[in-house]
Amino acid sequence: MATTTVSVSTFKKWNTGGRIKFQQTDDGKVALVWCALCAKHSDKIYRDSRIRGVAHKDLDKYISGTMFVTKHSVFRHLSSSKSHQIATECENILRDHGTTSSSSHTAVISDTNTGNRPKLQQLSIDSAMHKASRDAYKKLLNTAYLLAVNGLPLFQFKTLVNVQKANGTKLITKCDSSAKAREFIHEIAKSVWLKITGMLKAATAFALLTDGSQARKTGSEKEMVLIRVVRNGIPIFVCAALQDVDEYGSANAENLKKAIDDVFNEAALKVNIGRDKYNKGLVSFTSDGASVNTGMYNGLITRMRNDSRSWLVSFHCVLHRLELAIKDSLMKIPSFKAVYDLMVAIYYLFKQSGKLKGNFYNMAKVLDVQVYNFPKVHGTRFISHQKRGLQHLLHNWIVLSQTMEDCIENNKVSNMSAKLRGVLKKLKDFNFMSVCVLYMQIVENVTSLSLRLEKNDLAVSEVLPAVNRTRAKCEDLLAVEVVQPEDLCKPFGFKLIQTGGIFTCDYIC
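Residues numbered from 1 in each chain as written. Predicted model: local features only at pLDDT ≥ 70, side-chain atom pairs only at ≥ 80, totals over all residues. Heavy atoms only, no water.

> Help me understand the overall build of the chain in this model?
Counting its secondary structure elements, the chain contains 22 helices and nine strands. Within the chain, the fraction of its 509 residues that count as buried is 39%. In the chain, the proportion of contacts linking residues at least 24 apart, taken out of those at least 6 apart, comes to 62%. (Helix = DSSP H or I, 4+ residues; strand = E, 2+ residues; numbered from the N terminus. Buried < 20%, exposed > 50% of the residue type's maximum accessible area, 1.4 Å probe, protein only. Contact = heavy atoms within 4.5 Å.)

So this is what it looks like as structure tokens:
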């Protein structure tokens, strides 16, 4: 071990504030130095995940004592070592709570600068094994958590664990099965439920939001139960459970209520706030407009209100209402409906014909243009699907037109020639393209409203003003009397060339 020492008088001039203790020799030299704070909080520092590699060596030296005594090394430890930073944090916590010493280290820390060499606080075998096991389980739990929140199947857990082992991470053996992943996720869920329970018990009131869907693989009916509660003055949403309604029978109002009530049932060991708190604390209920939820006599909301909650306020989800209203309004206009039908037709043409898709991408290579897939625009989430579909259609407009012409002239997709001619006719119609751009502008305005309504901190009083602002933006589109063709096309990367009253498209170089 390297040895470098100084005289006691020199060491005292360094003014370490009593944080560095020392042991002196008979000839007035400093034989050994150690850090008082690090020695006091050594057990907590060793358990801290920030202490790794080189930091461990520095920690060992300044707890057990080092004979390498230089001003630079001492002040480097005090100013930049991770172990001393952690020890300072622990000491500040103790000071804030009125505690000045730790019973397990009082023999090590003294008020004088001199003293006996401190004994190394070596971890016992069982505590060392416990620490290693705890760290390994934390990594497995983190892996299981990421598996769950990203919606990955349980059998992927083994692959994720093997990847970590291949990268040198030490994990516990025989803990990589799907059964273990399910067990880890269940334990995480129990911790989440416990935290939610604490929040609801501390709150004066809370709201419920539910929405149902069918699992893709099994087809079983699922009911998502969300809780809205105010925490530290800020409204937040927490997911309480995803209930399997098929376990209760058919998805009627009675069984939906049983599934929701079981989330707060003491026997279910989920959000255990007690029956009285569940009945009196629930002040509002939000759902979609399905009759099973909003039925006047036997609907879910009516049953919830009749369960000793005469004050319960019900809401039809504004996002669902916005989706339905926009879809009904736009699809009643024939020109917009034609745009929608074209996007659906193009989606199925490319889905059913790999040859057409190949010709489309070959044409993009010839024109040296980046193109995008034509997405599905029908189904749920109407607004986002329409926006994405219109963006891709307008971006791919020229390449798609050239592909249709090439396939028709060279008879490359003979079984679809009639459909391709119908699509090409619309792509060459300037009025149709203008409708697509107008449709896009309306959808963009509505999208900003939809995103605003999705925010967790949205208050009821903000909904109507947000709707009115979006309505004003859409009305502004009607105020534009003359629109130049070039202005319509420029945002989408191409320009119009007029020849004898006929418009043709070309990309902007």
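Continuing now.
> Explain the nonpolar core here, please?
Most often, soluble globular proteins have nonpolar side chains that are buried together. Among the nonpolar cores identified, the biggest contains 53 residues, and Leu393, Leu400, Leu420 and Tyr439 are the most heavily contacted of them. At the level of secondary structure, the elements contributing two or more residues to this core comprise helix 14 (318-331), helix 15 (334-352), helix 16 (354-367), helix 17 (382-395), helix 18 (397-409), helix 19 (417-427), helix 20 (430-453) and helix 21 (463-479). Ignoring anything within four residues of it in the chain, the contact list for Leu393 reads Leu342, Met343, Ile346, Phe374, Leu400 and Cys436. (Core = buried A, V, L, I, M, F, W, Y, C linked by side-chain atoms within 4.5 Å.)

> Sorry if this is basic, but what is going on with a positive patch on the surface here?
Among the surface-exposed residues, Lys44, Arg47, Arg134 and Lys138 lie close enough to one another that they form a single positively charged patch. Looking at the positive patch, the elements with two or more residues in it are helix 3 (42-47) and helix 7 (125-149). Here Arg47 shows up in helix 3. (Patch = residues over 30% accessible without salt bridge, like charges linked within 9 Å, V, L, I, M, F, W, Y side chains within 5 Å. Areas by Shrake-Rupley, 256 points an atom, 1.4 Å probe, with all protein chains shown as cover. Salt bridge = Lys/Arg side-chain N within 4 Å of Asp/Glu carboxyl O. Lys, Arg positive; Asp, Glu negative; His and termini not counted. Charge placed at Lys NZ, Arg CZ, Asp CG, Glu CD.)

> For this particular structure, what's the right way to read the pattern of salt bridges?
Applying the stated rule across the entire model yields 16 salt bridges. Taking the shortest distance from any N to any O, the salt bridge between Lys40 and Glu91 comes out at 3.0 Å. With Lys40 in helix 2 (residues 36-40) and Glu91 in helix 6 (residues 82-96), this residue pair connects regions lying 51 residues apart in the sequence. The shortest N-O distance in the salt bridge between Asp276 and Lys280 comes to 3.3 Å.

> Hey, could you run me through the side chain of Thr447 in this one?
Tracing the chain through its elements places Thr447 in helix 20. By relative accessible area, which is 11% here, Thr447 ends up buried. Looking at Thr447, its side chain comes within polar contact range of the main-chain oxygen of Val443, at 2.7 Å. Apart from residues lying up to four places away in sequence, Thr447 is in contact with Ile383 and Lys387. (Polar contact = N/O pair within 3.5 Å; in protein donor to acceptor, adjacent residues only side chain to side chain.)

> Is there a simple way to think about the sheet that holds strand 3 (residues 206-214) in this case?
In sheet architecture, strand pairing relies on hydrogen bonds along the backbone and comes in two forms, parallel and antiparallel. The strand order across the open sheet built from five strands is 5-4-3-6-7, with neighbouring strands paired in mixed fashion. Edge positions in the open sheet fall to strand 5 (234-244) and strand 7 (313-316), since each of these has one partner strand only. On average, each strand axis in the sheet is tilted by 20° relative to the strand beside it, whichever way the strands run. As defined by bridge partners, strand 4 (residues 221-231) adjoins strand 5 across ten bridges and the pair is classed as antiparallel. Bridging across to strand 5, Val225 finds its partner in Ala241. Seen against the sheet, helix 10 (residues 253-263) touches strand 3, strand 4, strand 5 and strand 6 (282-287) and runs at an angle of roughly 120° to strand 5. (Pairing = 2+ DSSP bridges. Axes fitted to C-alpha atoms, helices over the stretch in contact; angles between N-to-C directions.)

> Help me out: how do you make sense of the side chain of Thr66 in this one?
Locating Thr66 in the fold gives a position in the loop between helix 4 (54-64) and helix 5 (71-80). Overall, the relative accessible area of 4% leaves Thr66 in the buried class. In terms of polar contacts, Thr66 uses its side chain to reach the backbone amide nitrogen of Phe68, at 3.1 Å. When neighbours within four sequence positions are excluded, Thr66 is seen to be in contact with Ala31, Leu32, Val33 and Lys61.

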